[in-house]
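The lines below spell out each chain.
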Amino acid sequence: MTDVLGEIKKFFSDLGLQLELGIKDSNLGACTGEWIVPDEKKELVSINPADGEPIASIIQADEAAYEKVISTAAEAFTSWRIVPAPVRGEVVRDLGNELRVFKDPLGRLVSLEMGKILSEGLGEVQEMIDMCDFAVGLSRQLYGPNMPSERPRHRMYEQWHPLGVVGVISAFNFPVAVWAWNAALAAVCGDTVVWKPSSDAPLTAVAVQHICNRVMKRHDLHGIFNLLIGPGRSVGERLINDERVPLVSFTGSTKMGRHVAETTARRFGRSILELGGNNAIIVADDADLDLVLRAVLFAAVGTAGQRCTSLRRLFLQKAIAPQLIERLVKAYPSITIGDPLEDGVLMGPLVNERAVADHLAALDAIREQGGEILCGGGRPDREGFFVEPTIVKAHPDMEIAREETFAPILYVFEYETFDEAVAMHNSVDQGLSSAVFTESMRTAEQFLSHEGSDCGIANVNIGTSGAEIGGAFGGEKHTGGGREAGSDSWKGYMRRQTCTINWGGELPLAQGVKFEVE
Ligand code: NAD
């Protein structure tokens, strides 16, 4: 293994960051381009989940810092919206290039702080770069359609305007990519961005802000990308209640998302909600089982089951269930668990002790509800927040399988008919990602049809996790209905205006209405 900590230290010092604890004014948590020193010095310590040791500390935003950030972002919006979209795109291009320069150390930092393996940490930064590239192209394509007017010498069309300050509240498990999904699009759309990251991953957010600052300085810009690190119950609450923030893009649990939706709706603000999933694969009896095995392992065990798209439920046709279960139970113990920055490790730790407690509580509930633990179920004997990936033989009445436990627990169900499998698949509250494995065109098409999966993402012969940025990402039902990243998700960051122009000398009314004054 290379000297990971040494590399990250160099990355920090290149950015002017401190990797030590207790240096009270060193790593600040509020920024508009300028770092803001709060009056109250409330420290947040970032913990390495692989050994439970502190990495560095950050001074969180206080109320005055909050005010400074929001008012700066609101002020910056008035000039940023005037910059032509393709020119805004040039700034985002530069950001993507700067992320290319820092991809390696930033990816390592993601792994160090959040616990995903290095290849996934690097993949997350690649996703940020891909989003910037996507947004650059988009900056010349923010177009609306023309519609034929029913009135002579009239022209009708739609156009899109920037919204204002966009609040981005992100979850710990994609500590930097989710910001980029939102920030790259919002920026080319002409919005300014205020980011409140998860308190479980503050260092990666500080590092990203430093990278943004370097780019914005080159363009003589200020207040476009802003940072606010602080507790959800104070900083997050202020943000979702703030009338100056017309859109809050929230990624997190369904419980919190419901609160964000209600709070923003009460003030007629908008929200984009990317909430919990309870994702499933249906395996038909004609499936290629080698493909299934590989897909299940990555989707259920990858990121230690801490992806919103992680595979949680597996529906197996009765005829192939015994052999697939046998292969899975054999493969699970060969997964190397350990320090996510070490070569060969496939599963790192959970994010914190609370997540371990949730995992263990779910195992208790599984036993109580009649689930059979086929493998895993324990806690490895080592420092850090590690658990064993677990396979459970489940039955449809198990309430615990209807919840999202953010840990590597896979519930396996058997079914007889495909219709029965689809009904079980769709019976949960969440509706994020889904997949079918089959060689039959008819089965695949049924799954993709309106009689099939009710999720925002539906795949054939691919696992539930690992989406590309080109498509719109998001889920239905209690997953919140939001869409981010590719396709036309950008429309969520703009306001639509319908314009009708009369270039004739008459004033005809629509629908043939007459209103003549003699
Ligand atoms: P969480 O709900 O605990 O926290 C998410 C964010 O909300 C954090 O930044 C937190 O500080 C903030 N927050 C807490 N209280 C708040 C308040 N009162 N007002 C405003 N913000 C507040 O989620 P988590 O544990 O960080 O992440 C895991 C969850 O996120 C899982 O449910 C997962 O499925 C979901 N997730 C969904 C997607 C998706 O795209 N659908 C992607 C990633 C994660």
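The model shown is predicted, which means the values in this text are computed figures rather than measured ones.

**A few points about the state of the cysteines**
Logical step 1: Throughout the structure, instances matching the rule amount to zero disulfides.
Logical step 2: The thiol sulfur of cysteine 31 is not disulfide-bonded, and the nearest other cysteine sulfur, from cysteine 212, lies at 8.9 Å.
Logical step 3: Its sulfur unpaired, cysteine 132 is 8.4 Å from the next cysteine sulfur, which belongs to cysteine 212.

**Let's talk about the packing of helix H4 (residues 103-114) against helix H7 (residues 202-218)**
Logical step 1: Where H4 meets H7, the closest approach of the two axes is 9 Å, and the angle between their N-to-C directions is 160°. Judged on the interaxial angle alone, H7 and H4 are roughly antiparallel. Crossing of H4 over H7 shows left-handed handedness. Packed against H4, whose contacting residues are Leu106, Leu109, Val110 and Glu113, the element H7 presents Pro202, Leu203, Thr204, Ala207, Val208 and Ile211 at the interface.
Logical step 2: Its residues assigned to classes, the contact of H4 with H7 shows eight nonpolar, one polar and one charged.

**Structural notes on the site of the ligand**
Logical step 1: The local shell around the ligand holds 27 residues, among which Ser170, Glu237, Ser253, Leu275 and Glu404 are the closest.
Logical step 2: Between the ligand and the protein, one listed contact pairs an oxygen atom with a side-chain N or O atom of serine 253 at 2.6 Å.
Logical step 3: If the ligand stood free it would expose 860 Å²; the protein chains cover 88% of that surface.
Logical step 4: Going through the elements one at a time, helix H8 (232-241), strand E9 (247-251) and helix H9 (254-266) are the ones with two or more residues in the shell around the ligand.
Logical step 5: The element that contributes the greatest number of residues to the shell around the ligand is H8, accounting for four residues.

**Regarding the domain arrangement of the chain**
Logical step 1: What the domain assignment lists for the chain is domain 1 (2-275) and domain 2 (279-468).
Logical step 2: Each of domain 1 and domain 2 has a C-alpha centre, and the two are 31 Å apart.
Logical step 3: Each side of the interface is counted separately: domain 1 has 20 residues, and domain 2 has 21 residues.
Logical step 4: Each partner contributes to the roughly 1800 Å² buried at the junction of domain 1 and domain 2, and carbon and sulfur atoms together form 64% of this total.
Logical step 5: Its salt-bridge partner being glutamate 120, residue arginine 307 comes within 3.0 Å of it at the nearest N-O pair.
Logical step 6: Connecting domain 1 to domain 2 are six residue pairs in polar contact (both at pLDDT 80 or more).
Logical step 7: Counting residues per element, the ones that place at least two in the side of domain 1 that touches domain 2 are H4 and helix H5 (118-138).
Logical step 8: With four residues, the top contributor of residues to the side of domain 1 that touches domain 2 is H4.
Logical step 9: Grouping the constituent residues of the side of domain 1 that touches domain 2 by class yields eleven nonpolar, four polar and five charged.

What counts, and where the lines are drawn
Residues numbered from 1 in each chain as written. Predicted model: local features only at pLDDT ≥ 70, side-chain atom pairs only at ≥ 80, totals over all residues. Heavy atoms only, no water. Disulfide = S-S within 2.5 Å. Axes fitted to C-alpha atoms, helices over the stretch in contact; angles between N-to-C directions. Helix = DSSP H or I, 4+ residues; strand = E, 2+ residues; numbered from the N terminus. Parallel < 35°, antiparallel > 145°, perpendicular 65-115°, else oblique. Left-handed = near helix turned anticlockwise from the far one by under 90°. Contact = heavy atoms within 4.5 Å. Nonpolar A, V, L, I, M, F, W, Y, C, P; charged D, E, K, R; others polar. Near = heavy atom within 4 Å. Polar contact = N/O pair within 3.5 Å; in protein donor to acceptor, adjacent residues only side chain to side chain. Areas by Shrake-Rupley, 256 points an atom, 1.4 Å probe, with all protein chains shown as cover. Domains from an automatic or database assignment. Buried area = accessible area lost by both parts, 1.4 Å probe. Salt bridge = Lys/Arg side-chain N within 4 Å of Asp/Glu carboxyl O.

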